[in-house]
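Each chain, letter by letter, is given below.
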Amino acid sequence: MEYSKDLSIIVPLYNEEESLPELLAWIRSVMNAQGYSYEVIFVDDGSTDGSWDKILSLAEGDERIKGISFRRNYGKSAALYHGFAKAEGRVVVTMDADLQDSPEEIPEMYRMVVEDGYDVVSGWKQHRQDNKVTKNLPSKLYNATARKITGIKLHDMNCGLKAYRNDVVKNIEVYGEMHRYIPYLAKNAGFSKITEKPVHHQKRKYGKSKFGIERFINGFLDLLSLWFLGTFGKKPMHFFGFSGLLMFLVGFIMTVWIIVAKLLHQTRGIHYRAVTDQPLFYLALVAIILGVILFLAGFIGEMVSRNSQERNKYNVKDQIR
């Protein structure tokens, strides 16, 4: 497939007016030195400062500079979604606007995609310039959990500096706060050649971070959602049906046990408490009810899945005629 440009560089931003001129000058310097044809797509996520006016002034007279402005703040995933839709380059690079990501890493990441054949190259901030207590330690725990659940051996899943083959970003949908897990979305879409590259990380020069500690909690919940959808999204009955049958069997076995025990005691003339006086009876009842509910949830999930417009949406790698 022919592409009109070598690179599309997508920069999502929120209130980064001060850093934009310096960042663009840095990108231009690197691109011109390498002789790439490129475009820079700034996505202003509802900034309340002068970021959009700054983008408009930077784009004057330069067709390589493009911009998208949201009416309000929607989040990084929304910004990347629109940036991906607009990207025309053979390789699509994402980076933050706060000058902590270095454009000088782009040429090697581009080479790894084009020459080495990787689908995704994720940056790895080996030596982070953030607060060790509020950023580094939670980040290590978060990434260890992500590696375990996704099976992707990346040290820094959430690094903003990443490079993708164009067809990767055209075949995934980033929504909610799923931008943290784009490599996992790519894997679920069939793009398995994923690697990482150690990148230089710098201290923030202007402003302050837009993310708090709550992102790690939200990130973990999003990870569980992605895992579930990726595993059971098209076959919900496999999860809910199995869980429901298991719960129902547990409750049924406990019920049989209670009845058999009562009958044995009665035949021997031994006093036995009434069934309804035993805690085990209520546990069995709860297990049976939960089993039925889960099983019905599986049926409803199957009905929703079968009527979904994306029930037969699969990524085709290649075809003849």
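The preceding data block contains the structure.
So, here is what we can say about the structure in this document. (Residues numbered from 1 in each chain as written. Predicted model: local features only at pLDDT ≥ 70, side-chain atom pairs only at ≥ 80, totals over all residues. Heavy atoms only, no water.)

**What to know about the side chain of E196**
In this structure, E196 sits in strand β7 (residues 194-198). Although E196 is buried, it makes no salt bridge; R147 carries the closest opposite charge, 6.9 Å away. Apart from residues lying up to four places away in sequence, E196 is in contact with M112, S122, W124, K153, L154, H155 and D156. (Helix = DSSP H or I, 4+ residues; strand = E, 2+ residues; numbered from the N terminus. Buried < 20%, exposed > 50% of the residue type's maximum accessible area, 1.4 Å probe, protein only. Lys, Arg positive; Asp, Glu negative; His and termini not counted. Salt bridge = Lys/Arg side-chain N within 4 Å of Asp/Glu carboxyl O. Contact = heavy atoms within 4.5 Å.)

**Quick word on a nonpolar patch on the surface**
Taken together, the side chains of F248, L249, F252, I253, V256, V260, L264, V292, L296 and F299 present a nonpolar region at the surface, about 880 Å² in accessible area. The dominant element in the nonpolar patch, judged by the number of residues it contributes, is helix α9 (residues 236-267), at seven residues. Locating F252 in the fold gives a position in helix α9. A residue is classified by how much of its surface remains accessible, and F252, at 44% relative accessible area, is partly exposed. (Patch = residues over 30% accessible without salt bridge, like charges linked within 9 Å, V, L, I, M, F, W, Y side chains within 5 Å. Areas by Shrake-Rupley, 256 points an atom, 1.4 Å probe, with all protein chains shown as cover.)

**Notes on unusual backbone geometry**
A positive phi angle, near 55°, is found at N15, a position not held by glycine. The residue N15 is located in the loop between β1 (5-13) and α1 (20-34) in this model. In the Ramachandran plot, L99 falls in the positive-phi region, its phi being about 70° despite a non-glycine side chain. Within the secondary structure layout, L99 lies in the loop between β4 (89-94) and α4 (106-114).

**So, the nonpolar core**
Counting 33 residues, the largest nonpolar core has L7, I9, M31, V40 and F42 as the members making the most contacts within it. If you list the elements that add at least two residues to this core, you get β1, α1, β2 (38-44), α2 (51-59), β4 and α4. With seven residues, the top contributor of residues to this core is α1. Beyond its immediate stretch of four places on either side in the chain, I9 contacts I27, M31, E39, V40, I41, V93, M95 and I106. Counting residues in each nonpolar core, the second largest holds 32 residues, with V43, F70, Y142 and I194 among its members. (Core = buried A, V, L, I, M, F, W, Y, C linked by side-chain atoms within 4.5 Å.)

**Considerations on the packing of aromatic side chains**
This model, assessed by the stated rule, comprises six aromatic pairs. For the pair Y36 and Y110, a centre-to-centre distance of 4.8 Å together with 50° between the ring planes defines the contact as tilted. One end of the pair, Y36, is in the loop between α1 and β2; the other, Y110, is in helix α4, with 74 residues separating them in the sequence. Y110 shares its class with Y36; the two are buried. Each ring, one from F70 and one from Y74, has its centre 5.5 Å from the other, and the planes form 85°; the classification is edge-to-face. (Phe/Tyr/Trp six-rings, centres within 6.5 Å; stacked < 30°, edge-to-face > 60°.)

**Regarding the sheet that holds strand β5 (residues 120-124)**
Read across the open sheet, the seven strands follow the order β3-β2-β1-β4-β6-β5-β7; overall the sheet is mixed. With one partner strand each, in any of the chains shown, β3 (65-69) and β7 form the two edges of the open sheet. With strand direction ignored, the average angle separating the axes of adjacent strands in the sheet is 20°. Looking at chain direction, β1 and β2 are connected through seven bridges and run parallel. Paired with S8 across the bridge in β2 is E39. The strands touched by α4 within the sheet are β1, β4, β5, β6 (162-165) and β7, with β4 carrying the most contacts at an inclination of about 130°. (Pairing = 2+ DSSP bridges. Axes fitted to C-alpha atoms, helices over the stretch in contact; angles between N-to-C directions.)

**A short note on helix α3 (residues 76-86)**
For α3, the complete set of buried residues consists of K76, S77, A79, L80, G83 and F84. End-on, the buried residues of α3 take up no more than an arc of 155°, which puts them together on one face. (Arc of directions from axis to C-beta.)

**Let's talk about the environment of S47**
Position of S47 among the secondary structure elements: in the loop between β2 and α2. With 25 residues separating them along the chain, S47 and R72 place their C-alpha atoms 7.4 Å apart. Only 2.8 Å separates the side chain of S47 from the backbone nitrogen of N15, close enough to count as a polar contact. In this structure the side chain of S47 is engaged in a polar contact, spanning 2.4 Å, whose partner is the side chain of D44. (Polar contact = N/O pair within 3.5 Å; in protein donor to acceptor, adjacent residues only side chain to side chain.)

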